[in-house]
Each structure stands twice: as C-alpha cells, then as structure tokens.
Amino acid sequence: MVRIIPLPTNAITGKPSPLETFVAILVLCILGFYTLYYPYPVSTSTAIDLFLSSASNSTISSYLRSLTLHPHLAGTKLAADTTRLVINHFRSLNLPTHTTTYTTLLSYPLHSSVSLHFPNGSVLNLPLTEPVHFSDQTGQPVVQPYHAYSPSGSAYARAVFVNYGRERDYRALRAQGVHVSGCVVVVRKGGGLGRGAVVEKAEENGAVAVLVYGDGDTWRDGFERGHVMRGVGDPLSPGWAGVDGGETLGLDDSEVSKRFPKIPSLPLSAEVAETVLGSLGGAPVPLEWRGTLGSKVRHVGPGPTMLNFSYQGEKKVATIQNVFAVIKGCEEPDRYVLLGNHRDAWTFGAVDPSSGTAALLDIARRFSILLGSGWTPRRSIILCSWDAEEFGMIGSTEWVEQNLINLSPKAVAYLNVDCAVQGPGLFVGSTPQLDNLIVEVTKKVKDPDSEGASIYENWAVTGEDYNIQRLSAVDSDFAPFVQHAGVPSIDVYYGRDFPVYHTAYDSYNWMTEYGDPFFQRHVAVTGIWGLLALHLADDSILPFNYVSYANQLLSYKNKLSNLLDQQVSLHPLTMSIQEFASAAKQVDDESKQLRLQETAGDIVDMKKRALNDRLILAEKGFLDADGLHGRQWFKHLVFGPPRDQENKLDFFPGIADSITQGSSKATSERERVAAIQHEIWRVARAIQTAASALKGEFT
Ligand SMILES: *[C@@H]1O[C@H](CO)[C@@H](O)[C@H](O)[C@H]1NC(C)=O
Ligand SMILES: *[C@@H]1O[C@H](CO)[C@@H](O)[C@H](O)[C@H]1NC(C)=O
Ligand SMILES: *[C@@H]1O[C@H](CO)[C@@H](O)[C@H](O)[C@H]1NC(C)=O
C-alpha cells in the first residue's frame, strides 16, 4: 500500500524551503498514484528521479552549521557531541544505526614555543596561534597548532631554509656548501612530499627540528595542523583491529616506535616563517625557492640568528567511534555498497570533513524519503561515519582490518567523500572499472556553477580522457579499502587545495563567504554520491567496466617502457595485460547477453549473481598476500604509494620502489635489474590473477 509520509524533519534544525517541500510532496503524490496502479517495487529510475528532486541546499547548509558549532578533534569531549549528533540524525530517520569502538593511540600538544635570538642580543617570541578572523571562531578555542605524533623536544640552533625539503633541495644546498646537520630546518609545503616525509628527510639529513609552513597567497597567518606518523591505522595494533581488550603493542616495541619521527616538528604560518627566514644570512635563496615570500627573505642561512625551539606533547590512548546506518537490501542483502566520510576535524572542520558529513546526513535524509515511497535497494547500503581520520585513517582502517573476511566477497564498492566542497570544479578519483559509471552520473547532475548545464558538460575534456584520478595516495579513508582490501572505490570532491586547510579558519563562515556561498556545490556532490550509490545498489548487473581498467594498465605499461632500459623485459606485463583485456571484453559481452535475456523475460537471477561476483572479485586479483616489500600492509600491486614520495610513478608501487632502491645504494647493476624484473613478474601475476577472477573458471 501507499503511504504518503510527511517529509522527515531532521534531527538538527534544517527545514526545506516551502518550494522544496511543495516539489517533494508533488513527486510523492505522483509516485503514490503510480504505485497504487502498479503495485511493484519502485524502479531504479523512479528512485533516481525522486532522489534528485529531494535536493535542498538550505537543509545541507543547516547540517553544516550544526556540525561546525564547535571544534571536534578526535578523542575529545566535543567530538563525542558530534558523534551523538550523527547517531541522532540517523535514528530520527528510522535508519538502523550502530557504532563500533576502538582503543587507539592519539596525540595532543601540551606546550610549544619558538623564539629568535638576534646577534645584538634581542629576543623575539614568535606567535604560534591564529588570530580571530571570523565571528564564529570567538569563544571556541581550537587546538594549538602541532604535529600529532611528533616527539617532545627542544633545540637551540641555527635555522636553514630547505625549500620543499626534498632530497634534491638538500643536494642543492650541499652544492652551495650549506649543511643542515645540527640545525632547525624550515620547509615550505607543496613540493609533493607529505608532512611525515618532510620530517623523515630532515631527520636523514641530520636536522634537529623541523618547522613547516604553507606557502599560500592568502590566509598567511593560518597554521596547518596535521600528523607525522608513518603507515596507516592505529600504531599500537598494526595490521589488526584495536578492539577493547585486544592485543596492543607497547610504545617501546620497534614496530610501534619505527612509525614515529625521532626529531620534533611544528607548523608555522607563512607570516611567521617569513620573519624567521628574513633573519637569515649565508648563501642567497635560489629564485625558484622564493614562492610567495617577501623581498626581505634573501638568504638560506644557517644563522646568524639562533632559533629556540621547544615542543611538548603527549601520546594518549583514546576511544574512537565509527557510526553506521544500514539500509538492508531486498534481493541481495549480503552484498554491500559502502558510503564513507570521516567526522573528526582538526578545528571546526567546515570543509574538512564536515562538508562531507553534511552531505552524508543529507544522503540519509533523501534515502529515507525514497524508503518512504516504497523503494528498497536491491543490495544493502551502509552509511559510514569514520573517526580519527586526521591521525592516519584510524577509524576506517581498524574497521577494514576487523571486517576483512566479509568485505572481500561482499563489498561491491566503497564511495568516499572527505572534503566535499573546497571551491569550484568537480574532482574524482576511482579504480578504473568505475570510470564509465562516474561519467554517466555526471550527466544527470546539474552543474552548480553553470545555469542549465550538467556537470558532465563542463567537466569532461575531449576524447577518452575524463580527468579521473587514481587512488594511489594515502590521504583519505579510501586507502584501506583499495590498498589493503581491494574494494573497488571512488573519491569525490568539489574544488581542491583550499587555502584554510587544517587551520582555525576552516569554519562555517569561510564556507559561506568563499567555499560555497549558496550551498549548490554541496548539492552537486551529494547528487553524484547518491546516484553512484543508487546504481551500485540497484542495477541488477553491476555497472563495472573492466575494459577501462585494461586500457589504464596498458597506458601504465607504456609509461614504464619509456622509463626503463633494455635489460628489463616488460614482456610478462604485456602478456598479462592482453589476457586481462580479453577477459574484460568477454565479461562485457556476457553482461550484454544477460541484459538481452533479461529483457526477453528469461529468469537469469543466478547467472547475474555469478557474473556480479566475478566483477567484484576481480579487484582482489591485484592484491598480493605478501604485500609491498617491507610495507606488507599495502597489498595492492597496481595502486599504492611509492616508498619514496619523490618518485613520480603513481602506479605499480612495488616496481617504483625497486627502481629507486636500486639507483640509491650499493647494489650492483645486475642486482638492480633482477629486483626490478622480479617486481614486474609479481605485477604480471597479479594482473593474470585478476583476469582469471573475471573469467571465473579453473584452468
Ligand atoms: C636587533 O636586531 C633585530 C634584527 O635585525 C632588530 O629587529 C632589533 O631591533 C635589534 N635590537 C636592538 C636592540 O638593536
Ligand atoms: C628556550 O626556550 C625554553 C622554553 O621556552 C626556555 O626554557 C629556555 O630558557 C630558552 N633558551 C634560551 C637560550 O633562551
Ligand atoms: C539556495 O540556493 C538559492 C539559489 O541559488 C539561493 O538563493 C539561496 O540563498 C540558497 N540557500 C542557502 C541557504 O544558501
């Protein structure tokens, strides 16, 4: 029977505008009559129309307002309030909701100070916190700028400017006779190295402390917080879930201590960095190192000014919580589409991650409207709200480690949204079998910045290249899903490189003034996220295209061949990619055939299920039980971070590692070639395994 339900009033404050309410009720009425005459389950296309028509920018903006009323740093009392807000929202929509709890190691600051001691004896204490810019910052202390997991320590030493802190920057300094051993290095962000890698390189070069600043044109008094831990997930339970009462390693265990830097570090604002750098003498600053620095900065140091650096922090065992809302599928409840976003923030987190959390809350609201109309997805959908992402993807990683056995056969896809809205323009990353689905979905969602156009029209560039990135980096919660568990995944965001990243200015007012004044970009991201989920949960044959994957692998092989010398043979890769491409073609033909049979009214349910299982399993073929050499947690041999972040290869991380490994140390040419060749064979075998999963038959 038809139930015309009132629009769910959400847990927080948001109410749709009268026009939006009218449109939604109109659609519900039309749907109501439709189901009255056709008492069948609501079709996917009807569900999609209803989903799109239930968009509401005012509702999302009210969610974002509630989420950003106070800071919500993982492990703090205020973060627990945000957890409750998300739970209450899901429950108010009658979505079955549960949480998972972990005991993990987090890290907080106690005291920090940096001062300059000039040769004439005067001392300048440098400011290490942000001034208030926005009214919504007042009376809401955010955590002082720090690097989580930095050791405590102090240094009274000369400073040296080392540009981006890459190996080649240190080399350039040495060529000028400048050595950083025993000095505090000042590094600007943006050269491709993550925060942790910057500190690691400084340590290798003999520095005693590190100051890192963001080199932007605007918001130059903001400090970028962040963690400097190596690896992914809780350091005390590496590779397994940190459940209460489970095994935890001690802080002095070498597996744990190797994940933390040995020298302390702190973030600086660009303004403060300029003061420090302006006091240096010594060799001249190379022109290309200047970035946005003012004319007072002329020399790289070291000295003559002395820098007094001091940082004290504490590592603390804390409880974190993931929140889940589950929509059970009707036909294949044991197949899951996962939508995930983290909830914890360094400060107010309007962009990072609350724009994504607001989108997640809105997806919940809109899916519950669909449920009220009589729709039930074919497969199950889980909305996941992760904790402690900012400390190294901890909430999602612990959950993936805990659920690996069930994730492997049953997770259809993981759809990640982190900093949902940073500015204009759609950005997407994915594993390649999802490319076609992404393109199709962008055709159905309105471009928030271009009247009357779909996102697709302004986003797709000419030809086959749709500007979709790959998921090799470790910078959001997709990392454990792709790189550890081999779950097909997508990451979606609007805008990139927003200037208030991890500063106190990442607040609701920044969003309404700069990021998304009308919340239409929020609506666009939510539209894409929801439609991806609806197709993956409802399409009877999964919308996966492995031909796209084969093409991507082929282009990687070609890039490699330009890079490697004659002694290394790419033949194993060539053969395995051919085999994979033909399996992809075969499975594509089979899907078309099945669709025809389905249209003709044949019963093909078990056949579809068998085909879908092959499509899900294929991604696991790229995993290797032994993982990357020396970094066993990373199992995926196609997508993952290279050990050396200066390495430009953002695919085949094992091969990338073997190339840099060989070129550095005392390995003979023969050993170097053998190591690269071995990694090529491993990748070739992984691609063959994926092909064999696609074919689904024994040899
Ligand atoms: C000492 O030198 C610094 C930097 O050149 C300058 O800003 C400061 O005014 C000087 N102080 C005195 C007392 O001369
Ligand atoms: C450096 O700073 C620390 C902490 O603020 C302070 O205790 C110490 O006396 C300072 N050292 C010098 C040489 O000023
Ligand atoms: C919603 O969008 C409309 C049209 O762009 C705009 O006038 C309105 O201010 C927006 N509402 C919010 C809360 O941003």
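As named in an unreviewed UniProt entry, the chain is glutamate carboxypeptidase II, taken from Arachis hypogaea. Quoted verbatim from the Cofactor (unreviewed entry) heading of the UniProt record, the comment on the chain is "Zn(2+)". Its UniProt record gives the chain a comment under Subcellular location (unreviewed entry), which states: "Endoplasmic reticulum membrane".

J.: Lay out the site of ligand 1 with the relevant residues and their values.
T.: Around ligand 1, the neighbouring residues are Phe-118, Asn-120 and Ser-122. A distance of 2.5 Å separates an oxygen atom of ligand 1 from a polar atom in the side chain of Asn-120. Relative to its free-state accessible area of 370 Å², ligand 1 is covered by the protein chains to the extent of 30%.

J.: Help me get a handle on the domain arrangement of the chain, residues and values and all.
T.: On domain assignment, one finds that the chain holds domain 1 (18-100 + 319-435 + 464-538), domain 2 (105-316) and domain 3 (546-695). One C-alpha centre belongs to domain 1, the other to domain 2, and the line joining them spans 33 Å. Counting residues at the interface gives 36 residues for domain 1, matched by 38 residues for domain 2. Contact between domain 1 and domain 2 buries roughly 2800 Å² in total, counting both sides, with carbon and sulfur atoms accounting for 64%. In terms of surface lost to domain 2, no three residues of domain 1 exceed Trp-346, Phe-391 and Tyr-505, which account for 25% of the buried area on that side. Applying the counting rule to domain 1 against domain 2 returns zero salt bridges. Between the two partners, domain 1 and domain 2, sit 16 residue pairs in polar contact (both at pLDDT 80 or more). At the level of secondary structure, the elements contributing two or more residues to the side of domain 1 that touches domain 2 comprise helix H10 (394-410) and helix H14 (508-515).

J.: Quick one: what's the story with the pairing of strand E12 (residues 411-416), residue by residue and with numbers?
T.: For E12, the tally of buried residues reaches six of six residues, placing the bulk of the element in the interior. Two strands pair when backbone bridges link them, and strand E10 (residues 332-342) and E12 are joined in this way by five bridges, in the parallel orientation. Bridge pairing in E12 links Leu-339 to Leu-415. Inspection of the sheet shows E12 paired to strand E15 (residues 489-494) by three bridges, in the parallel sense. Bridge assignment links Leu-415 to a residue of E15, and that residue is Ile-490.

Cut-offs used in this document
Residues numbered from 1 in each chain as written. Chains lettered and ligands numbered in written order. Predicted model: local features only at pLDDT ≥ 70, side-chain atom pairs only at ≥ 80, totals over all residues. Heavy atoms only, no water. UniProt positions renumbered as here; feature names shortened; annotations may be inferred. Near = heavy atom within 4 Å. Polar contact = N/O pair within 3.5 Å; in protein donor to acceptor, adjacent residues only side chain to side chain. Areas by Shrake-Rupley, 256 points an atom, 1.4 Å probe, with all protein chains shown as cover. Domains from an automatic or database assignment. Contact = heavy atoms within 4.5 Å. Buried area = accessible area lost by both parts, 1.4 Å probe. Salt bridge = Lys/Arg side-chain N within 4 Å of Asp/Glu carboxyl O. Helix = DSSP H or I, 4+ residues; strand = E, 2+ residues; numbered from the N terminus. Buried < 20%, exposed > 50% of the residue type's maximum accessible area, 1.4 Å probe, protein only. Pairing = 2+ DSSP bridges.

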